[in-house]
Amino acid sequence: GNSVTQMEGPVTLSEEAFLTINCTYTATGYPSLFWYVQYPGEGLQLLLKATKADDKGSNKGFEATYRKETTSFHLEKGSVQVSDSAVYFCALGGLYNFNKFYFGSGTKLNVKP
Amino acid sequence: DGGITQSPKYLFRKEGQNVTLSCEQNLNHDAMYWYRQDPGQGLRLIYYSQIVNDFQKGDIAEGYSVSREKKESFPLTVTSAQKNPTAFYLCASSIGPTDSYNEQFFGPGTRLTVL
């Protein structure tokens with residue numbers, strides 16, 4: 001079946017630290033991969049996406065590379081800010097006959113000044 | 001500005017009452033979705049609709065109902081049959097159901113509390 005596994009949080013970092021949030025997936029077919037961010041009390045916002053193997057998605061200093069050989073889509077940022085504190089969701093989509101998404105359980109990031 | 005609106009932002013319901021959550025989009029998207037989010041958990045799909053006048057059950061449809069009479073609207077009714085309805089409800093849409101690379105766009109959510 002299709003599923004997404006994310007590293008459990010919370011992840012607590014100091015400002016300007018390097019961030020990695022691991023995401024691995026299982027899929028039948030050739031999915032697209034996404035990272036969403038959710039701030040407290042709000043909906044999800046698309047952070048970045050990759051639609052095929054070896055694609056790199058990037059936005060606002062965040063990056064993730066679609067690795068088919070390791071079935072991974074790890075999120076990275078070189079220097080986090082306090083404003084990056086949020087919950088991050090990895091998602092898999094674009095399979096078969098409707099655009100059903102499979103979400104990871106989310107990873108909460110806390111960045112301390 | 002194009003986007004998805006959900007109303008109300010907060011909703012309180014007494015046990016045994018049905019309640020309807022609104023979701024409207026002006027993105028001209030064909031596909032719409034309802035998710036439920038519980039604290040510290042990911043999103044679970046309740047219902048989805050690929051086209052007007054058509055919808056399918058998701059993973060946790062019991063105790064919920066939907067309609068899709070207009071392209072821009074996809075209201076969700078939480079019925080008294082839903083045993084534990086207190087949660088954060090998110091509506092989403094995407095351009096179409098078959099494109100492999102199209103992201104889903106999310107509304108701001110409705111927090112439902114059963115008193």
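Structure: above.
Treat the numbers as computed from the prediction; the structure is a model and nothing was measured.

Peer 1: Would you mind showing me how to read the sheet that holds strand β8 (residues 62–65) of chain A here?
Peer 2: Backbone-to-backbone hydrogen bonds pair the strands of a sheet. The strands run either parallel or antiparallel. Residues and elements named next belong to chain A. Spatially, four strands are ordered β3-β9-β8-β7 in an open sheet, and the strand pairing comes out antiparallel. Looking along the sheet, the strands with just one partner apiece sit at the ends: β3 (19–21) and β7 (56–59). Averaged over all pairs of adjacent strands, the angle between their axes in this sheet comes to 15 degrees, without regard to strand direction. In terms of strand pairing, β8 meets strand β9 (residues 75–77) through three bridges, oriented antiparallel. What sits directly across from Glu-63, in β9, is Glu-76.

Peer 1: What is the right way to look at the sheet that holds strand β1 (residues 4–7) of chain B in this model?
Peer 2: Residue and element names in this part refer to chain B. The antiparallel open sheet is built from four strands, whose spatial order is β1-β3-β8-β7. Each having just a single partner strand, β1 and β7 (64–66) make up the two edges of the open sheet. Each strand of the sheet is rotated relative to its neighbour by a mean of 20 degrees, with strand direction disregarded. For β1 and strand β3 (residues 19–25), the ladder comprises four bridges, and the chain directions are antiparallel. Its bridge partner being in β3, Ser-7 is matched across the sheet by Ser-22.

Peer 1: What should I look at first to understand the pattern of salt bridges in this one?
Peer 2: Should the charged atoms of two oppositely charged side chains come close, the side chains can pair. Residue and element names in this part refer to chain B. Taken as a whole, this structure holds eight salt bridges over all chains when the rule is applied. The partner of Asp-38 in a salt bridge is Arg-36, with the nearest N and O atoms 3.0 Å apart. Taken together, the shared-partner salt bridges in this structure form one network comprising Arg-36, Asp-38 and Arg-44.

Peer 1: Got a minute to help me understand the interface of chain A and chain B in this structure?
Peer 2: The extent of an interface is frequently quoted as the accessible surface area lost upon association of the parts. Listed by partner, the interface residues are 22 residues for chain A and 27 residues for chain B. Across the pair Lys-49 of chain A and Glu-103 of chain B runs a salt bridge, and its minimum N-O distance is 2.8 Å. Our count for the chain A to chain B interface comes out at six residue pairs in polar contact (both at pLDDT 80 or more). Looking at the side of chain A that touches chain B, the elements that each hand over two or more residues are β5 (32–38), β6 (44–50) and β10 (86–93) of chain A. No other element matches the four residues that β5 of chain A contributes to the side of chain A that touches chain B. Considered class by class, the residues forming the side of chain A that touches chain B number eight nonpolar, 11 polar and three charged.

Peer 1: Can you walk me through the environment of Phe-34 of chain A in this structure?
Peer 2: Residue and element names in this part refer to chain A. Residue position: Phe-34 is located in strand β5. Judged by relative accessible area, Phe-34 falls into the buried class, the value being 0%. In this structure the C-alpha to C-alpha distance between Phe-34 and Leu-48, which are 14 residues apart in sequence, comes to 5.9 Å.

The rules we used
- Residues numbered from 1 in each chain as written.
- Chains lettered and ligands numbered in written order.
- Predicted model: local features only at pLDDT ≥ 70, side-chain atom pairs only at ≥ 80, totals over all residues.
- Heavy atoms only, no water.
- Pairing = 2+ DSSP bridges.
- Helix = DSSP H or I, 4+ residues; strand = E, 2+ residues; numbered from the N terminus.
- Axes fitted to C-alpha atoms, helices over the stretch in contact; angles between N-to-C directions.
- Salt bridge = Lys/Arg side-chain N within 4 Å of Asp/Glu carboxyl O.
- Contact = heavy atoms within 4.5 Å.
- Polar contact = N/O pair within 3.5 Å; in protein donor to acceptor, adjacent residues only side chain to side chain.
- Nonpolar A, V, L, I, M, F, W, Y, C, P; charged D, E, K, R; others polar.
- Buried < 20%, exposed > 50% of the residue type's maximum accessible area, 1.4 Å probe, protein only.

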